[in-house]
Amino acid sequence: QVQLVESGGGLVQAGGSLRLSCAVSASGSIFVIVEMGWYRQAPGKQREHVASITDRGATNYADSMNDRVTISRDNAGNTVYLQMNSLKPEDTAIYYCNVKGGPNWLRAQEYWGQGTQVTVSS
């Protein structure tokens, strides 16, 4: 069973910063993480990619937040972080952790966290 536990969301004023965390755990079998990332969904909008990092450390950022966010992971590769700076009211959304993993790279599946609310006040 794969579990993703997110934390770090909350209310922040425009211009402020937040750091989101997502801890991944898997019980019962080998779980190889291929990629970890963050998506967000604002009210009335589709879920969109924010940032991702591969098992080799390659990162990918959405243009909308490219210069304001940094994705990283811990040495064990089981926790992914999203540092968000200079937050704007339009960044208000539910932020979801996303992990692609499985018994091996070829059998990787997608898993989602429960989401954490980020609210940026003007």
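Notes on the structure in this doc start here.

## Overview of the packing of aromatic side chains
Aromatic ring pairs are reported here in terms of the distance separating the ring centres and the angle at which the planes meet. Evaluated as defined, the whole model comprises three aromatic pairs. When the ring of Phe 31 is compared with that of Tyr 111, the centres are 5.6 Å apart and the planes differ by 75 degrees; the resulting orientation is edge-to-face. Here the residue Phe 31 occupies a position in the loop between β3 (18-26) and β4 (32-41), and Tyr 111 occupies one in strand β10 (residues 109-112), the gap between them amounting to 80 residues. On the accessibility criterion, Tyr 111 (23% relative accessible area) is partly exposed. For the ring pair Tyr 39 and Trp 112, a centre distance of 5.0 Å and an interplane angle of 70 degrees mean the geometry is edge-to-face. Of the two residues, Tyr 39 is situated in strand β4 and Trp 112 in strand β10; the sequence distance between them amounts to 73 residues. A residue is classified by how much of its surface remains accessible, and Tyr 39, at 17% relative accessible area, is buried. A connected cluster of aromatic rings, assembled from ring pairs, spans Tyr 39, Tyr 96 and Trp 112. Here Arg 19 stacks its cationic end above the ring of Tyr 81, 4.0 Å away from the centre of that ring.

## A look at the pattern of salt bridges
Applying the stated criterion to the full structure yields five salt bridges. Of the charged contacts in the structure, one is a salt bridge between Lys 100 and Glu 35, with a shortest N-O distance of 3.4 Å. Placement of Lys 100 in strand β9 (residues 93-102) and of Glu 35 in strand β4 is noted, with a sequence separation of 65 residues between them. As a salt-bridge pair, Arg 40 and Asp 91 come within 2.9 Å of each other at their nearest N and O atoms. Taken as a pair, Arg 40 in strand β4 and Asp 91 in the loop between β8 (79-84) and β9 lie far apart in primary sequence, 51 residues in all. With a relative accessible area of 1%, Asp 91 lands in the buried category.

## Topic: the nonpolar core
Counting residues in each nonpolar core, the largest one holds 27 residues, and the members touching the most others are Val 24, Trp 38, Val 80, Leu 82, Met 84, Tyr 95 and Val 99. Elements with a minimum of two residues in this core: β3, β4, β5 (48-54), β7 (69-73), β8, β9 and β11 (116-121).

## Quick look at unusual backbone geometry
Positioned with a positive phi, Ser 86 is a non-glycine residue whose angle comes to about 50 degrees. Here Ser 86 is to be found in the loop between β8 and β9.

## Looking at the pairing of β8
Among the six residues that make up β8, five are buried, leaving the element largely enclosed by the rest of the structure. Judged from the six bridges that link them, β3 and β8 form a sheet pairing that is antiparallel. Each bridged residue has a counterpart across the sheet, and for Cys 22 the counterpart in β8 is Val 80. With five bridges connecting them, β7 and β8 associate as antiparallel partners. Across the sheet, the residue bridging to Val 69 is Met 84, located in β8.

## Describing the state of the cysteines
According to the stated counting rule, one finds one disulfide in the structure shown. Paired through a disulfide, Cys 22 and Cys 97 show a sulfur-sulfur distance of 2.1 Å. Looking down the S-S bond of the Cys 22 and Cys 97 bridge, the torsion is -85 degrees, so its handedness is left-handed. Separated by 75 residues along the polypeptide, Cys 22 in strand β3 and Cys 97 in strand β9 bring together distant segments of the chain.

So, how was this worked out
- Counting of residues starts from 1 at the beginning of each chain's written sequence and follows it residue by residue.
- Totals for whole chains, interfaces and linings use all residues, but because this is a predicted model, local features are given only for residues with pLDDT of at least 70 and pairs of side-chain atoms are given and counted only at 80 or more.
- Excluded from the side-chain calculations are hydrogens and water; all other atoms, namely the structure's heavy atoms, are used.
- Stacked, tilted and edge-to-face are the three classes applied to pairs of Phe, Tyr and Trp rings, where Trp contributes its six-membered ring and a pair requires centres within 6.5 Å; stacked means planes under 30 degrees apart, edge-to-face means over 60, and tilted covers the rest.
- A run of H or I in DSSP becomes a helix once it reaches four residues, and a run of E becomes a strand once it reaches two; helices and strands are each numbered from the N terminus.
- Note on classification: 1.4 Å probe, protein chains only; a residue is buried when its accessible area is under 20% of the maximum for its type, exposed when over 50%, partly exposed between these limits.
- Cation placement over rings: the criterion is NZ of Lys or CZ of Arg within 6 Å of the ring centroid and within 35° of the ring normal.
- Whenever Lys or Arg places a side-chain nitrogen within 4 Å of a carboxyl oxygen from Asp or Glu, that contact is recorded as a salt bridge.
- We define the nonpolar core as a collection of buried residues of types Ala, Val, Leu, Ile, Met, Phe, Trp, Tyr and Cys that are connected through side-chain atoms lying within 4.5 Å of one another.
- Note on pairing: DSSP must find at least two bridges between two strands before they are called paired.
- Two cysteine sulfur atoms form a disulfide, by the criterion used here, when they sit within 2.5 Å.

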